[in-house]
Amino acid sequence: MDLAYDRTGTGEPLVLIHGLGHRRQGWDAVLPRLAEERDVIAVDLPAMGESPPPAVGDYRVMADMVEKLFGELGLERPHVAGNSLGGLIALELAARGSVRTATALSPAGFWNGPEYGWCVAVFRIAGFLGARLPDAVVQWIVGNRVARASLFGLFFGRPSRHPEADLVRDLRGLGREHRPAIDAALPEFRHCPHPAPAAAGVPTTIAWGRRDLLLFPHQARRARRALPGARFVALRGCGHAPMADDPELVVKVLLEASRPG
């Protein structure tokens, strides 16, 4: 399977991996600034964005696919950053030692049973709405301040900063083209093991949005216990997918975490 990707910028390579049900354009808010200092490769995971099916449930298999892309692009141990599912994949690549540095933004997998159930419920409800609501109702939701905050506040800390067209596409994606990927992944995640600590010489940063209402910020405590060698950062004012909530803060974290050398 060939993964779709965009590549731009100059400097050391930095691979960006989105979350479950999202797409590589989720990084657009931080891409121009990152591209000033990094050779940035934003990837679509299988059956999401423009990458073809089949959907893959096991995050370790997805990590295999991203590693394969490294080889195809001639990347030798690039820096990597991921959000949610992408963060979990970034941590797996760090454990394998196949990356130079790894940054995980609100990585998946550090939940307990009820928190996992909440995450599944959010995806199911958003998917139902994305699949069933008429276009006029979806447009009303994204255009109404209260409705927009109530629904998209589960994913973003500052939904008002996100273009309406992007929110429509995100909601429709959760209910339609990304549905097979979500259905394949969620059951696999219930009992997925935490990634092992990063291999020697792979600096790892975990950053968590203080307004994350999907994977709650206190889950960072479990991540800290599982990965004691990682550096932890709190993202004030940011939700689960923080890139457009505070682009300057996210760029700062990603550049600091992927320093050349």
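Structure's up top.
Each chain carries its own residue numbering, running from 1 in the written order of its sequence. The predicted origin of the model limits local features to residues at a pLDDT of at least 70 and limits the giving and counting of side-chain atom pairs to 80 or more, whereas totals for whole chains, interfaces and linings rest on all residues. Neither water nor hydrogens contribute to the side-chain values; these are computed over all heavy atoms in the structure.

### A word on the overall build of the protein
Operational definition: For helices the rule is a DSSP run of H or I covering at least 4 residues; for strands it is a run of E covering at least 2, with both sets numbered from the N terminus onward. Only C-alpha atoms enter the radius of gyration; for comparison, a globular chain is expected to reach 2.2 Å times N to the power 0.38, where N is the number of residues. Residue exposure (1.4 Å probe, protein chains only): buried if accessible area is under 20% of the type maximum, exposed if over 50%, otherwise partly exposed. We call two residues contacting when some pair of their heavy atoms lies within 4.5 Å. Reported accessibility uses the Shrake-Rupley method at a 1.4 Å probe radius. Residues are deemed covered only where the shown protein chains occlude them. Positive charges come from Lys and Arg, negative ones from Asp and Glu, while His and the chain ends are left out of the count. Taken as the charge location is NZ of Lys, CZ of Arg, CG of Asp or CD of Glu.
Helix and strand counts for the protein stand at 10 helices and 7 strands. Over its C-alpha trace the protein gives a radius of gyration of 17 Å, about what one expects of a compact globule, namely 18 Å for 261 residues. Projected onto the principal axes, the alpha-carbon positions of the protein cover approximately 50 × 40 × 35 Å. A burial count over the protein gives 57% of its 261 residues as buried. For the protein, the share of sequence-separated contacts (at least 6 apart) that also reach a separation of at least 24 residues comes to 75%. Element-wise, carbon and sulfur atoms account for 55% of the exposed surface of the protein, whose accessible area totals about 10,600 Å². Here the protein holds 31 positive side-chain charges and 28 negative ones, and the gap between their average locations is 8 Å.

### Notes on the sheet that holds strand S3 (residues 38-43)
Selection criterion: Should DSSP find at least two bridges between two strands, the strands are regarded as paired. Convention adopted: a line fitted to C-alpha atoms gives each axis, helices being fitted over their contacting stretch, and angles between N-to-C directions are expressed from 0 to 180 degrees.
The 7 strands lie next to each other as S1-S3-S2-S4-S5-S6-S7, forming an open sheet whose pairing is mixed. Two strands bound the open sheet, and with one partner strand each, they are strand S1 (5-8) and strand S7 (231-235). Sheet twist, expressed as the mean angle between neighbouring strand axes with direction ignored, is 15°. Sheet contacts for helix H3 (residues 85-96): strand S2 (12-17), strand S4 (79-83), strand S5 (102-105) and strand S6 (204-209); angle to S4, the most-contacted strand, approximately 150°.

### What about the nonpolar core?
Burial of nonpolar side chains together is a common tendency in soluble globular proteins. The following threshold applies: By nonpolar core is meant a set of buried Ala, Val, Leu, Ile, Met, Phe, Trp, Tyr and Cys residues that side-chain atoms within 4.5 Å join together.
Counting 90 residues, the largest nonpolar core has Leu16, Leu20, Leu34, Leu85, Ile89, Leu93 and Ile206 as the members making the most contacts within it. Residues contacting Leu93, with those up to four places away along its chain left out, are Ile17, Ala63, Val66, Glu67, Phe70, Val80, Ser98 and Val99.

### Some points on the pattern of salt bridges
Which entries qualify depends on this criterion: Here, a salt bridge means any Lys or Arg side-chain nitrogen found within 4 Å of an Asp or Glu carboxyl oxygen.
Summed over the entire model, instances satisfying the criterion amount to 20 salt bridges. Residue Arg96 is joined to Asp64 by a salt bridge in which the shortest nitrogen-to-oxygen separation is 2.8 Å. A residue pair is termed long-range when its members are at least 10 positions apart, and Arg96 in helix H3 and Asp64 in helix H2 (residues 59-72) qualify at 32 residues. Classification of Arg96 as partly exposed rests on a relative accessible area of 31%.

### A look at the pairing of S4
Heads up, the rule is: With the strands pointing away from the viewer, any crossover whose connection runs clockwise from the first strand over the helix to the second is right-handed.
Burial runs high along S4: 5 of the 5 residues are buried. The alternating pattern of S4 places His79, Ala81 and Asn83 on one face and Val80 and Gly82 on the opposite face, and all of these are buried. Across 4 bridges, the pairing between S4 and S5 is parallel. Looking at S5, one finds that Asn83 is bridged to Leu105. At this point the chain moves from S4, through H3, to the parallel S5, and the crossover so formed is right-handed.

### Observations regarding the environment of Arg145
Mapped onto the secondary structure, Arg145 falls in helix H6 (residues 145-152). Arg145 gets classed as exposed once you look at its relative accessible area, which sits at 69%. Remark: the alpha-carbon pair of Arg145 and Pro159, spanning 14 residues in sequence, is separated by 9.0 Å.

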